[in-house]
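Here is what each chain is made of, one letter per residue.
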Amino acid sequence: MDIPALSQHEQALRFRALRNQVLSSNIANADTPNYKARDLEFADALKGARHESLGMTQTSDLHKQAWGTSRDGGKTMYRIPTQPTLDGNTVEMDVEQAAFAENALQYRTSLAFLDGKIRTLRYALKGGD
Amino acid sequence: MSLFKVFDVAGSAMNAQSVRMNVTASNLANAGNVSGDPDKVYRAKQPVFSTFSSSLADQSGVQGVRLQGVVESNAPIQVRYQPGHPEANAEGNVYASNVSTVEEMVNMMSASRSYKNNVEMINTTKDLLLQTLSLGR
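So, here is what we can say about the structure in this document. (Residues numbered from 1 in each chain as written. Chains lettered and ligands numbered in written order. Predicted model: local features only at pLDDT ≥ 70, side-chain atom pairs only at ≥ 80, totals over all residues. Heavy atoms only, no water.)

As for the nonpolar core
A:Phe15, A:Leu18, A:Val22, A:Ala28, A:Leu40, A:Ala45, B:Val9, B:Ala13, B:Ala16, B:Phe49, B:Val62 and B:Val65 together form the largest nonpolar core, which totals 12 residues. Looking at this core, the elements with two or more residues in it are helix H1 (4–28) of chain A together with helix H1 (5–29) of chain B. Ranked by size, the runner-up nonpolar core spans nine residues in total, among them A:Leu13, A:Tyr107, A:Leu111 and B:Leu3. (Core = buried A, V, L, I, M, F, W, Y, C linked by side-chain atoms within 4.5 Å. Buried < 20%, exposed > 50% of the residue type's maximum accessible area, 1.4 Å probe, protein only. Helix = DSSP H or I, 4+ residues; strand = E, 2+ residues; numbered from the N terminus.)

Shown next as structure tokens:
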């Protein structure tokens, strides 16, 4: 069963998990020559989601109901570095760490929202108490 | 669950950084080595990292770190005129290693900072996963 109230946050969590992965790859490769830092754009994922949410007809049960953040979370794009480096690496540790912390916080926010929704649903199911 | 890949990525980076630490330790330990033969003198070694994505491959381009190899520095070797040295050659010269202590100290700091960053990354991700597991409790 797909509960719309939950799936919204589930999609957001998926995007945050994916971004966490991309940012961790950046931090891990901070000393790899010629590595280019990447990131995901939330606005991009949202745009994809809006595009997907345009009423599409489901003619088969195999068709996925698509709305929320798009499944692949948008495209990964290369970060534009503010300072050049000698080894061609574009990872800027301060930027990456700030982004990583922000993303982890957003993940926790989505979790908190989801937790609240689940609590509300349980409250309703149990008829209070 | 894509969060689990972070452990692989950070683990590979920690592995690479620990090799870098070992190489730095070897360089610092041998910084004072001298030899009468310029071919036998210790040369500073540097690890070379590259990206690695065979088992982590997916469309998002998440990549771990792999040790591509260890290269020897081709910085010039110091020649010292020390005829009294037991290792001195016929001309009275000894050859000292080309390890730059300052460079190695910087390398050591950089490696330890990177290692710590990866540990923090694993801790944060672990927290996120544990929180996800306790969802709805």
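Back to the write-up after that little detour.
Let's talk about the sheet that holds strand E1 (residues 34–35) of chain B
Residues and elements named next belong to chain B. Across the sheet, which stays open at both edges, the three strands sit in the order E1-E5-E4 with antiparallel pairing between neighbours. Among the strands making up the open sheet, the edge pair consists of E1 and strand E4 (78–81). Two elements, E1 and strand E5 (residues 93–96), share two bridges in a ladder whose sense is antiparallel. Its bridge partner lying in E5, Val34 is registered against Ala96. (Pairing = 2+ DSSP bridges.)

With respect to the packing of H1(A) against H1(B)
Where H1(A) contacts H1(B), the axes come no closer than 9 Å and their chain directions differ by 0 degrees. One way to sum up the angle between H1(A) and H1(B) is to call them roughly parallel. Counted together, A:Asn20, A:Gln21, A:Ser24, A:Ser25 and A:Ala28 of H1(A) and B:Lys5, B:Val6, B:Val9 and B:Ala13 of H1(B) form the full contact between these two elements. Residues belonging to the contact of H1(A) with H1(B) are distributed by class as follows: four nonpolar, four polar and one charged. (Axes fitted to C-alpha atoms, helices over the stretch in contact; angles between N-to-C directions. Parallel < 35°, antiparallel > 145°, perpendicular 65-115°, else oblique. Contact = heavy atoms within 4.5 Å. Nonpolar A, V, L, I, M, F, W, Y, C, P; charged D, E, K, R; others polar.)

Considerations on the side chain of A:Arg19
Residues and elements named next belong to chain A. Looking at where Arg19 falls in the secondary structure, it is placed in helix H1. On the basis of relative accessible area, Arg19 is assigned to the buried category, the value being 9%. Those residues in contact with Arg19, other than ones at most four positions away along the chain, are Asp39, Leu40, Ala99, Glu102 and Asn103.

A closer look at the interface of chain B and chain A
With 33 residues of chain B at the contact, the number on the chain A side is 28 residues. Overall, the association of chain B and chain A removes approximately 2600 Å² of surface from exposure, summing both partners, and the carbon and sulfur fraction of that is 57%. On the chain B side of the interface with chain A, the three residues burying the most area are B:Met121, B:Leu128 and B:Leu135, jointly 20% of the side's total. Our enumeration of links across chain B and chain A arrives at two salt bridges. The salt bridge partner of A:Arg108 is B:Asp127, with a shortest N-O separation of 3.6 Å. Taken together, the links from chain B to chain A amount to nine residue pairs in polar contact (both at pLDDT 80 or more). (Buried area = accessible area lost by both parts, 1.4 Å probe. Salt bridge = Lys/Arg side-chain N within 4 Å of Asp/Glu carboxyl O. Polar contact = N/O pair within 3.5 Å; in protein donor to acceptor, adjacent residues only side chain to side chain.)

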